[in-house]
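# Structural description and commentary
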Amino acid sequence: MKKAVVLLSIVLSLLFVLISCSNENEPYKLTRGDDGVYHLVIFDAEGREQFSTDQPKEIKVEKTDGALTVFSWNAGASAATRYTLFLNAQTGETSTPFTYVLCHTDKLAVLGSSDGITVRSIFDEGAEIVIDTFSHELSDSVEPFVSAELSEDGARVTVTYLSGDDYTKIEETFDISAADSDAQSEPSGFSDAGDHWLVESKGGKTNYTVSLYDKNGKVVVSYEDFLFAPPEVTETNDGGLALKRDFGSGEIFKAYQYYSFERDALSRVFYAVNCYRDEIICFYDSGSEKIVVRNAFDARELSLEFSPDGMTVRPAYLTAVKSAEFIDSDQISVTYYCGENGSEEKTVILDIASGLIIEQ
């Protein structure tokens, strides 16, 4: 038994060494730690670190017939949350991490979304063509696109997508000859500022930085993210700040965080938020499959869970709540999905004072 354990330890050690050293002559280093976490570092021509990431799931490496090395990893269970990063080993260029990559060549990548596709240059963030008009209506889904294929000359893209309530597969070809043209528009920047926040694009329109400041101008929180849309900072009804970051299509991929000047406190990150008022937040918790109403800053002050009758997740939105709004300080009107696959809707009132559900 002891020999078997020793042998297993040696095998695992050898595997770790192989993973750590198999790319020592490459402009990147991919290792896996004892905790199972994958660590990727990409270096420039001078050997300086230009990108790094730690991922709990496997980072896969693929080399194309050309100069590209392609890294990919899953941040979730769907194609929309699968990241793809491109490295040109000859020039040292590194792309931003893309999500929902349907296909690519050495120059172009086709990215999906809930309402269209984007054909863009891998390394030139200002060169892209957006296609959001199709011969058939897209299915109401976070991932309506099944696949895509670029022609050898890069002038056309053939897309397979889901259409209608029955998710019929439709194949359609588009002329994208302008996408590989040298005459491309320059990347446009983005900036949004308030008395207590600053949002800017950095290195292209999918890479954003956002900072929140307290009354004395001190940084409360600062993020740099690859996002589907610019982060949004708004003032809440109680004089605080609300930060929303969009990591994908659908409310389940939108992250919300709140700052209270009165408390000088930053809330945790919430997903699938339905409404907020006077520090009280209402959101759908996919883990417990319940609607949660709590104080955003301190659950000890208020924390309630509601399970309306027949509540069902609607797959297209990955949430069971369609909408919610405060009627007054103690009641929230919620419309939720029910029936098979969330095909029906029902509205109830969540009574905060009693913790009961009031049927309408």
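Residues numbered from 1 in each chain as written. Predicted model: local features only at pLDDT ≥ 70, side-chain atom pairs only at ≥ 80, totals over all residues. Heavy atoms only, no water.

This part is about the packing of aromatic side chains. A complete count under the given rule lists 10 aromatic pairs for this structure. Pairwise contacts between aromatic rings join F134, F145, Y161 and F174 into one cluster. Its end group placed over the ring of Y223, R245 keeps NZ or CZ at 3.7 Å from the ring centre. (Phe/Tyr/Trp six-rings, centres within 6.5 Å; stacked < 30°, edge-to-face > 60°. Lys NZ or Arg CZ within 6 Å of the ring centre and 35° of its normal.)

Let us now look at the side chain of S267. Assignment of secondary structure puts S267 in the loop between β22 (265-266) and β23 (270-271). The exposure class of S267 is buried, given its relative accessible area of 5%. S267 has contacts with Q257, Y258, A296 and F297, leaving out every residue within four places of it along the chain. (Helix = DSSP H or I, 4+ residues; strand = E, 2+ residues; numbered from the N terminus. Buried < 20%, exposed > 50% of the residue type's maximum accessible area, 1.4 Å probe, protein only. Contact = heavy atoms within 4.5 Å.)

Our next topic: the environment of L108. Structurally, L108 can be placed in strand β9 (residues 108-112). For L108, a relative accessible area of 2% corresponds to the buried category. Taking the C-alpha atoms as reference points, L108 and I122, 14 residues apart in sequence, are found 5.3 Å from one another.

Attention shifts here to a negative patch on the surface. On the surface, a cluster of negative charge is made up of E137, D140, D165 and D166. Inspection of the secondary structure assignment puts E137 in the loop between β11 (128-131) and β12 (145-150). (Patch = residues over 30% accessible without salt bridge, like charges linked within 9 Å, V, L, I, M, F, W, Y side chains within 5 Å. Areas by Shrake-Rupley, 256 points an atom, 1.4 Å probe, with all protein chains shown as cover. Salt bridge = Lys/Arg side-chain N within 4 Å of Asp/Glu carboxyl O. Lys, Arg positive; Asp, Glu negative; His and termini not counted. Charge placed at Lys NZ, Arg CZ, Asp CG, Glu CD.)

Moving on: the pattern of salt bridges. According to the stated counting rule, one finds 10 salt bridges in the structure shown. Put simply, R156 and D153 hold a salt bridge, and the shortest N to O gap is 3.8 Å. For R156, a relative accessible area of 39% translates into the label partly exposed. Exposure remark for D153: the relative accessible area of 47% places this residue in the partly exposed category. Put simply, E232 and K244 hold a salt bridge, and the shortest N to O gap is 3.7 Å. Here the residue E232 occupies a position in strand β19 (residues 232-235), and K244 occupies one in strand β20 (residues 241-246), the gap between them amounting to 12 residues. Residue E232 is classed as partly exposed on the basis of its relative accessible area of 40%. Salt bridges sharing partners connect three or more residues here, namely R263, E279 and E301.

A positive phi is found at D264, a non-glycine position, where the angle reads about 50°. On the secondary structure map, D264 appears in the loop between β21 (254-260) and β22. Positive phi, close to 50°, is recorded for A272, a residue that is not glycine. Along the polypeptide, A272 turns up in the loop between β23 and β24 (273-277).

Here we come to the sheet that holds β12. Pairing within the open sheet is antiparallel, and its 3 strands lie in the order β12-β13-β14. Of all strands in the sheet, those with a lone pairing partner are β12 and β14 (168-175), marking the two edges. With strand direction ignored, the average angle separating the axes of adjacent strands in the sheet is 15°. In this sheet, strand β13 (residues 156-163) lies alongside β12 in antiparallel orientation, the contact comprising 5 bridges. Residue pairing in the sheet places L150 in a bridge with V157 of β13. (Pairing = 2+ DSSP bridges. Axes fitted to C-alpha atoms, helices over the stretch in contact; angles between N-to-C directions.)

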